[in-house]
Amino acid sequence: MTAVHVPGIPVIEDGRLISTSPATGEEAGRFPVATPDDVARAVGRARAAGDWWAGLGFTGRRERLLRWRGLIARRIEELARLMHVEGGKPLPDAVVEILTAIEHIDWAARNARRVLGPRRVRSRLILAEFTGHLEYQPYGVVGVIGPWNYPVLTPIGSTGYALAAGNAVVFKPSEYTPAVGQWLVDSFAEVVPEQPVLTTVHGLGDVGAALCRAGVGKLAFTGSTATAKKVMAACAESLTPVLLEAGGKDAMIVDTDADLDAAAEACVWGGLTNAGQTCIGIERVYAVEPVFDAFVDKVVARAERLTVGAEGADIGPITMPNQLDVIRRHIDDALAAGGRAVLGGADAVRPPYVHPTVLVDVPESSAAVREETFGPTLTINRVPDADEAVRRANALPYGLGGAVFGRKRAVAIARRLRSGMASINSTLTFAGMSTLPFGGVGDSGFGRIHGEDGLREFGRAKSITRRRARSLLPSTTFERTSADVARLVKAAKLMYGRR
């Protein structure tokens with residue numbers, strides 16, 4: 001029986017995963033679906049490849065990762081076109097995503113030795129006869145389950161750093177963007193043909209579950225909070241450590257002394273880029289009373305200029321067709337609860353597209369405020385002051401990113417946001433800064449990619465002590481005498497006993 005092909009919805013036919021464009025139905029590729037045995041074999045091969053890869057050392061891995069970076073840069077138009085076909089992402093957005101991913105590969109390759117390499121650690125007086133040494137050893141094989149909304153940047157945030165740390169990687173791309181995932185793996189194989197250091201397994205959620213149970217050293221997942229809990233439960237069966245980047249409902253706060261033009265421009269970008277399908281996208285805005293009306297007018301003026309469509313538009317299609325129902329429900333619920341649409345509204349959902357929608361005066365109890373929408377919609381609510389804005393921003397269990405616009409109090413407000421990241425007078429910028437860790441708290445997950453913390457996520461800390469002299473204050477031995485203990489007591493009082 002032949003499967004029915006609905007544009008954008010992945011279909012399995014004759015053991016192969018078929019990926020199509022959500023906008024046109026154009027086929028992007030067909031890939032063999034992995035069985036649990038296939039996944040286990042892939043991890044087994046990766047384990048041997050990981051030993052070889054780790055043996056190259058930081059210098060050998062850096063050289064190969066920089067070659068991969070260069071290859072991606074030279075073929076940036078080719079990859080961007082594939083992202084556009086398979087996921088509907090506008091070409092300019094695809095280019096920006098690839099550029100950001102290239103930066104992360106470059107930084108991870110160049111900094112892995114400094115962050116993870118062996119180094120001496122100072123000892124203290126009680127154990128002065130010992131030297132301390134610290135290094136970060138690879139897990140061997142890291143499993144990566146990637147998302148569809150940023151199919152290059154997000155997986156590379158885990159994969160690039162895991163590779164730089166000396167691990168092999170088995171990558172399960174989203175079933176909505178398998179062609180992009182395979183492109184990344186094939187391009188890596190061109191510069192590292194010797195061993196299957198980076199490989200893919202394709203399929204639906206059951207393939208991801210098999211990867212969790214296949215004996216990887218660590219599992220990095222990006223996706224919804226509900227699926228993150230399932231991933232964590234599967235990995236818990238074997239105590240496999242996990243890194244989880246889950247959902248978000250990021251808030252933006254506009255204070256009285258904000259530059260409203262800059263705030264409106266950044267709000268439209270942060271909320272509507274990639275058709276709003278961004279985990280760190282701005283979905284909620286709290287503007288203080290004195291600037292609320294002017295800010296809303298400026299947002300609407302910019303958002304209504306955006307074009308929607310398949311080719312050359314600012315906003316492309318919704319990649320997951322089923323998400324259209326969620327977006328429609330959130331808009332309808334907000335309006336039924338007393339919210340007002342100052343742009344777009346009930347007729348904004350026109351499959352496979354959603355037109356920009358700005359909702360105001362939406363009750364905090366509504367789905368549009370409390371649940372992740374993942375569409376080109378914004379709720380903007382007025383608040384009496386920044387303190388109330390912070391309270392509302394922190395009221396949800398999510399805690400991924402956020403933004404603050406203002407001058408005098410902006411830094412203090414950003415620090416009070418219950419989130420893993422925050423930007424001041426910009427939106428989303430922390431994702432592109434390779435020197436900063438990226439990740440959330442609460443229902444948005446835990447663990448970090450990017451930056452030094454991101455490198456350390458993919459290495460196990462190994463501590464080594466080495467005796468270098470005779471103990472002057474012997475403590476860890478049955479050969480100690482009562483006089484030795486008395487000297488230890490005296491030393492403790494001298495060192496730590498002062499008030």
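Cut-offs used in this document
Residues numbered from 1 in each chain as written. Predicted model: local features only at pLDDT ≥ 70, side-chain atom pairs only at ≥ 80, totals over all residues. Heavy atoms only, no water. Phe/Tyr/Trp six-rings, centres within 6.5 Å; stacked < 30°, edge-to-face > 60°. Helix = DSSP H or I, 4+ residues; strand = E, 2+ residues; numbered from the N terminus. Buried < 20%, exposed > 50% of the residue type's maximum accessible area, 1.4 Å probe, protein only. Lys NZ or Arg CZ within 6 Å of the ring centre and 35° of its normal. Axes fitted to C-alpha atoms, helices over the stretch in contact; angles between N-to-C directions. Parallel < 35°, antiparallel > 145°, perpendicular 65-115°, else oblique. Left-handed = near helix turned anticlockwise from the far one by under 90°. Contact = heavy atoms within 4.5 Å. Nonpolar A, V, L, I, M, F, W, Y, C, P; charged D, E, K, R; others polar. Pairing = 2+ DSSP bridges.

Undergrad: Would you mind going over the packing of aromatic side chains with me for this structure?
TA: Think of a pair of aromatic rings as described by two things: how far the centres are apart, and how the planes are tilted against each other in angle. Under the definition given, this model contains 6 aromatic pairs. Aromatic pair Trp68 and Phe188: ring centres 5.1 Å apart, planes at 85 degrees, arrangement edge-to-face. Placement of Trp68 in helix H2 (residues 57–74) and of Phe188 in helix H6 (residues 178–191) is noted, with a sequence separation of 120 residues between them. Relative to Phe374, the ring of Trp148 lies with its centre 5.7 Å away and its plane at 85 degrees, an arrangement referred to as edge-to-face. With Trp148 in the loop between strand S6 (141–145) and helix H5 (153–164) and Phe374 in the loop between helix H12 (367–370) and strand S17 (377–383), the pair connects residues that are 226 residues apart, well separated along the chain. Here Trp148 and Phe374 have matching classes, each one buried. Through successive ring pairs, a cluster of aromatic residues spans Trp52, Trp53, Trp68 and Phe188. The aromatic ring of Phe58 is capped on one face by Arg61, whose charged end is 4.8 Å from the ring centroid. The lysine or arginine in question, Lys89, covers the ring of Tyr150, its NZ or CZ lying 4.1 Å from the ring centre.

Undergrad: Could you clarify how one ought to interpret the packing of helix H3 (residues 76–87) against helix H4 (residues 91–116) in this entry?
TA: Angle between the axes and distance between the axes are the two parameters that describe a pair of packed helices. As a packed pair, H3 and H4 sit with axes 9 Å apart at the nearest point and diverge in direction by 125 degrees. Classified by the angle their axes make, H3 and H4 are oblique. Both H3 and H4 take part in a crossing whose hand is right-handed. Note on element contacts: H4 touches H3 through Leu91, Ala94, Val95, Glu97, Ile98 and Leu99, opposite Ile76, Leu79, Ala80, Arg81, Met83 and His84. When its residues are assigned to classes, the contact of H3 with H4 shows 9 nonpolar, 1 polar and 2 charged.

Undergrad: How do you make sense of the pairing of strand S2 (residues 16–20) when you look at a structure like this?
TA: The side chains of a regular strand alternate, first on one face of the sheet and then on the other. Counting buried positions over the 5 residues of S2 gives 4, a clear majority of the element. The pairing of S2 with strand S3 (residues 27–32) spans 5 bridges and is antiparallel. Each bridged residue has a counterpart across the sheet, and for Ile18 the counterpart in S3 is Arg30.

Undergrad: Explain the environment of Ser463 here, please?
TA: Along the chain, Ser463 turns up in strand S21 (residues 459–467). Not counting chain neighbours up to four residues away, the residues in contact with Ser463 comprise His133 and Leu134.

Undergrad: Teacher, can you tell me more about the sheet that holds strand S10 (residues 242–245) here?
TA: Hydrogen bonds along the backbone pair up the strands of a sheet, which may run parallel or antiparallel. Read from one edge to the other, the open sheet built from 6 strands follows the order S8-S7-S6-S9-S10-S20, with strand pairing classed as mixed. Since the sheet does not close on itself, it has two edges, and those belong to strand S8 (198–200) and strand S20 (445–446), each with one partner. Here strand S7 (residues 168–172) pairs with S8 via 3 bridges, running parallel. Residue pairing for S8: Val170 is matched across the bridge by Thr199. Together, S7 and S8 form the strand contacts of H6, whose direction differs from that of S8 by roughly 150 degrees.

Undergrad: Sorry if this is basic, but what is going on with the side chain of Asp255 here?
TA: For Asp255, the position within the fold is in the loop between strand S11 (250–254) and helix H9 (260–272). For Asp255, a relative accessible area of 2% translates into the label buried. The contact partners of Asp255, leaving out residues within four places of it in the chain, are Val288, Val291, Ala386, Phe405, Gly406, Arg409 and Ile413.

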